[in-house]
Amino acid sequence: MILLVNANQVVINFALAEVGGGAASLLAGAQPESTPWAVVPWSLRAFLIIPFLQILGVFFTLRAIRRWREDISRRPGPIRKWIHIALPIVLNLVLVACSLWLLTSGVLKFWLLYMPDLSWLALICGGFALVWIFVRTRLVLGALRGLRSPRPFGRLLINEQKSVV
């Protein structure tokens, strides 16, 4: 009997304990115990939620900015404005901190060898989060600042022209 598995430590332990034990009990003539196979794959697939949430964040941010520019009444008030700015910054900083920890802790070589997909996912999401912090903040502040000042001098000139005529 040969058991081939990926080099991931979690999968190796799971495969040796469950799959290897089940195959050995089949060879011995016994019925193997049923185990929940979905535990390991779904826990690793859960990391794909991070880039999905980042894409959703970009989509909803751009949609909100477009709404704020089209309709001044939809823009957030002073408290909600800072929630729109600060909350995504904090969440993105968590991703950046995780990526920086991965880069500086010495675990990167181990992760790249045994979990390359997870390590690249963490590095790419952290890098995107670092860039998105600045781009998003600039876009939101620019949209809110642009909405606040509707050119009072333009209105003044139009009113003077009407009064002259």
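The model shown is predicted, which means the values in this text are computed figures rather than measured ones.

A.B. asks: What is the right way to read the overall build of the protein from this model?
C.D. replies: Within the protein one finds seven helices and zero strands. Along the protein, helices (α) and strands (β) appear in the sequence α-α-α-α-α-α-α when read from the amino end. Across the protein, contacts joining residues at least 24 apart in sequence account for 63% of those joining residues at least 6 apart. For the protein, the exposed surface amounts to about 12200 Å²; the carbon and sulfur share of it is 70%.

A.B. asks: Sorry, what's going on with helix 4 (residues 78-104) here?
C.D. replies: Since the α-helix turns once every 3.6 residues, residues separated by three or four places project in the same direction. The end-to-end C-alpha separation of helix 4 is 38 Å, in line with the 39 Å expected for 27 residues at 1.5 Å each. Those residues of helix 4 not exposed but buried are Lys81, Ile85, Pro88, Asn92, Leu95, Val96, Ser99 and Leu102.

A.B. asks: Hey, could you run me through the pattern of salt bridges in this one?
C.D. replies: Two side chains that carry opposite charge are able to pair once their charged atoms sit near each other. The full count for this structure, using the stated rule, is one salt bridge. Close ionic contact of Arg74 with Asp71 constitutes a salt bridge, the shortest N to O distance being 4.0 Å. The class for Asp71 is partly exposed, based on a relative accessible area of 32%.

A.B. asks: Help me understand the confidence of the model for the protein in this model?
C.D. replies: In low-pLDDT regions, the fine details of the predicted coordinates are not to be read closely. Per-residue confidence for the protein gives a mean pLDDT of 78; residues scoring 70 or more make up 73%. Confidence, read as mean pLDDT per element, is least for helix 7 (residues 152-164) in the protein (49) and greatest for helix 3 (residues 49-70) (92). Counting contacts from residues 147-157, a segment whose pLDDT is below 50, to residues more than four positions away or on other chains yields six contacts.

A.B. asks: Hey, could you run me through the packing of aromatic side chains in this one?
C.D. replies: Aromatic ring pairs are described here by two measures, namely the spacing of the ring centres and the angle between the planes. Evaluated as defined, the whole model comprises three aromatic pairs. Ring geometry for Trp101 against Trp111: centres 6.5 Å apart, planes inclined by 75 degrees, an arrangement best described as edge-to-face. Here Trp111 lies in helix 5 (residues 108-114) and Trp101 lies in helix 4, a separation of 10 residues in the sequence. Plain terms: the ring middles of Phe128 and Trp132 are 6.1 Å apart, the flat faces sit at 10 degrees to each other, and that makes the pair stacked. Residue Phe128 and its partner Trp132 are both found in helix 6 (residues 116-148); the two are separated by four residues, about one turn of the helix. Looking at Phe128, the relative accessible area reads 34%, which means it is partly exposed.

A.B. asks: Honestly, helix 3 in this entry has me stumped. Any pointers?
C.D. replies: The end-to-end C-alpha separation of helix 3 is 31 Å, in line with the 32 Å expected for 22 residues at 1.5 Å each. For helix 3, the complete set of buried residues consists of Gln54, Thr61, Ala64, Ile65 and Trp68. In a view along the axis of helix 3, the buried residues occupy a sector of 100 degrees, so they form one face of it. Exposed positions of helix 3 whose direction lies more than 90 degrees from the buried face are Ile55, Arg66 and Glu70.

A.B. asks: When you look at the nonpolar core in this model, what are you seeing that I'm missing?
C.D. replies: Nonpolar side chains tend to gather and get buried jointly when the protein is soluble and globular. In this structure, Ala64, Ile65, Trp68, Ile85, Val140, Ala143 and Leu144 together form the largest nonpolar core, which totals seven residues. Every element with two or more residues in this core is listed here: helix 3 and helix 6. Ile65 has contacts with Leu139, Val140 and Ala143, leaving out every residue within four places of it along the chain.

A.B. asks: How should the side chain of Thr61 be read in this particular structure?
C.D. replies: Mapped onto the fold, Thr61 is located in helix 3. Side chain to side chain, Thr61 and Arg136 meet in a polar contact 3.1 Å long. With near-sequence residues (within four places) excluded, Thr61 lies in contact with Trp132, Arg136 and Val140.

A.B. asks: Sorry if this is basic, but what is going on with a nonpolar patch on the surface here?
C.D. replies: Side chains of Ile79, Ile83, Leu87 and Leu91 sit close together on the surface and give an oily, nonpolar patch of about 430 Å² of accessible area. Turning to its location among the elements, Leu87 is positioned in helix 4.

A.B. asks: Explain the environment of Ala129 to me, please; I cannot follow it from the model alone.
C.D. replies: As for its position among the elements, Ala129 is in helix 6. Distance from Ala129 to Leu93, taken between C-alpha atoms, is 7.2 Å for residues 36 residues apart in sequence.

A.B. asks: What is the right way to read the side chain of Ser25 from this model?
C.D. replies: By the secondary structure assignment, Ser25 is in helix 1 (residues 9-27). In this structure Ser25 comes out as buried when scored by relative accessible area, which is 18%.

Definitions and limits used
- Residues numbered from 1 in each chain as written.
- Predicted model: local features only at pLDDT ≥ 70, side-chain atom pairs only at ≥ 80, totals over all residues.
- Heavy atoms only, no water.
- Helix = DSSP H or I, 4+ residues; strand = E, 2+ residues; numbered from the N terminus.
- Contact = heavy atoms within 4.5 Å.
- Areas by Shrake-Rupley, 256 points an atom, 1.4 Å probe, with all protein chains shown as cover.
- Expected span 1.5 Å × (residues − 1).
- Buried < 20%, exposed > 50% of the residue type's maximum accessible area, 1.4 Å probe, protein only.
- Salt bridge = Lys/Arg side-chain N within 4 Å of Asp/Glu carboxyl O.
- pLDDT = per-residue confidence, 0-100.
- Phe/Tyr/Trp six-rings, centres within 6.5 Å; stacked < 30°, edge-to-face > 60°.
- Arc of directions from axis to C-beta.
- Core = buried A, V, L, I, M, F, W, Y, C linked by side-chain atoms within 4.5 Å.
- Polar contact = N/O pair within 3.5 Å; in protein donor to acceptor, adjacent residues only side chain to side chain.
- Patch = residues over 30% accessible without salt bridge, like charges linked within 9 Å, V, L, I, M, F, W, Y side chains within 5 Å.

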